[in-house]
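# Working through the structure, step by step
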Amino acid sequence: MFTFKNFNIADWFSFYRIFAAPFLLALIWLDQRLIFTWLLLISYCTDAIDGYIARKLKITSPRGSQLDSLGDQTTLIVGLIGLFYFESDFIKNNVVLILIAFVPYVLQMVIAYYKYGKATAFHTYLAKLSAVMQSVFILWALFYSPNNTLFYIMIGTGLLETFEEITLIFMYDNWASDVKGIYWAYRDKRRLKKKSTNL
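We now turn to the structure provided with this report. Since the model is a prediction, treat every value here as computed from it, not as a measurement.

Ranked by size, the top nonpolar core spans 26 residues in total, and within it Phe 36, Leu 40, Leu 83, Phe 137, Ile 138 and Leu 142 carry the most contacts. For this core, the secondary structure elements donating two or more residues are helix H1 (9-29), helix H2 (33-56), helix H3 (62-86), helix H4 (88-93), helix H6 (125-143) and helix H7 (148-171). Not counting residues within four places of it along the chain, the set of residues in contact with Phe 137 comprises Leu 83, Phe 90, Pro 146, Asn 147, Leu 150, Phe 151 and Met 154. In terms of nonpolar packing, the next biggest core, distinct from the first, is built from 14 residues, Ile 111, Ile 166, Leu 168 and Ala 185 among them.

Attention shifts here to the pattern of salt bridges. Summed over all chains, the structure comprises four salt bridges. Between Arg 33 and Glu 87 there is a salt bridge, with the nearest N and O atoms lying 2.8 Å from each other. Of this pair, Arg 33 sits in helix H2 while Glu 87 is found in the loop between H3 and H4, placing the two residues 54 residues apart along the sequence. Here Asp 188 makes a salt bridge to Arg 190, at a shortest N to O gap of 2.8 Å. The buried category is assigned to Asp 188, whose relative accessible area is 12%. Connected through shared salt-bridge partners, Arg 17, Asp 47 and Asp 72 make up one network.

Moving on, we get to the packing of H6 against H7. Where H6 meets H7, the closest approach of the two axes is 9 Å, and the angle between their N-to-C directions is 150°. As summarised for this structure, H6 and H7 are arranged roughly antiparallel, according to the angle between their axes. Crossing angle aside, the handedness with which H6 passes H7 is left-handed. Here Leu 126, Ala 127, Leu 129, Ser 130, Met 133, Gln 134, Val 136, Phe 137 and Trp 140 of H6 come into contact with H7, specifically with Leu 150, Phe 151, Ile 153, Met 154, Thr 157, Gly 158, Leu 160, Glu 161, Glu 164 and Glu 165. In terms of residue class, the contact of H6 with H7 is built from 12 nonpolar, four polar and three charged.

Procedures and definitions
Residues numbered from 1 in each chain as written. Predicted model: local features only at pLDDT ≥ 70, side-chain atom pairs only at ≥ 80, totals over all residues. Heavy atoms only, no water. Core = buried A, V, L, I, M, F, W, Y, C linked by side-chain atoms within 4.5 Å. Buried < 20%, exposed > 50% of the residue type's maximum accessible area, 1.4 Å probe, protein only. Helix = DSSP H or I, 4+ residues; strand = E, 2+ residues; numbered from the N terminus. Contact = heavy atoms within 4.5 Å. Salt bridge = Lys/Arg side-chain N within 4 Å of Asp/Glu carboxyl O. Axes fitted to C-alpha atoms, helices over the stretch in contact; angles between N-to-C directions. Parallel < 35°, antiparallel > 145°, perpendicular 65-115°, else oblique. Left-handed = near helix turned anticlockwise from the far one by under 90°. Nonpolar A, V, L, I, M, F, W, Y, C, P; charged D, E, K, R; others polar.

Just distances and angles here, no functional claims.
This is the structure:
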């Protein structure tokens with residue numbers, strides 16, 4: 001039965017990012033760049049807080065990982081919409097690089113939904129680095145102006161993270177959460193157990 005008691009404090013931080021999205025979109029529509037940017041910063045901060053709280057209180061769960069991923073994706077999309085609206089000239093001048101990074105990401109999502117029926121929640125170290133670089137670039141661009149160095153670093157880490165996610169999808173027959181990376185996946189008991197049962 002669905003009740004609010006089923007969710008822990010880390011889940012509610014993820015819910016905040018999801019619930020904040022419509023308000024952030026409204027601020028874009030109202031052309032409130034500064035307020036939008038500050039609230040987007042708060043959303044990014046909750047992304048860092050919820051994972052720490054879940055690990056500290058030992059309340060990590062597959063459901064929490066899915067909520068966290070959904071909150072991350074929602075915040076990223078809203079941030080990109082804001083960037084496109086407030087810095088449209090920069091987006092137009094770099095549309096090719098953006099597409100080079102975005103197309104593999106969409107491909108990764110399609111593969112994940114085809115295989116697992118839902119998005120991945122591997123939460124690798126590379127994914128966390130990519131999320132940090134995305135937030136740093138977007139916030140810097142909105143508070144000040146787009147920085148090309150940060151932009152190229154964001155694109156590079158994003159591509160590496162996407163290719164790692166695709167590799168992990170093919171390595172895991174069943175959906176799994178909180179995989180640190182390819183190196184750790186090779187020693188993951190969840191993957192090894194499944195492999196041994198098939199022998």
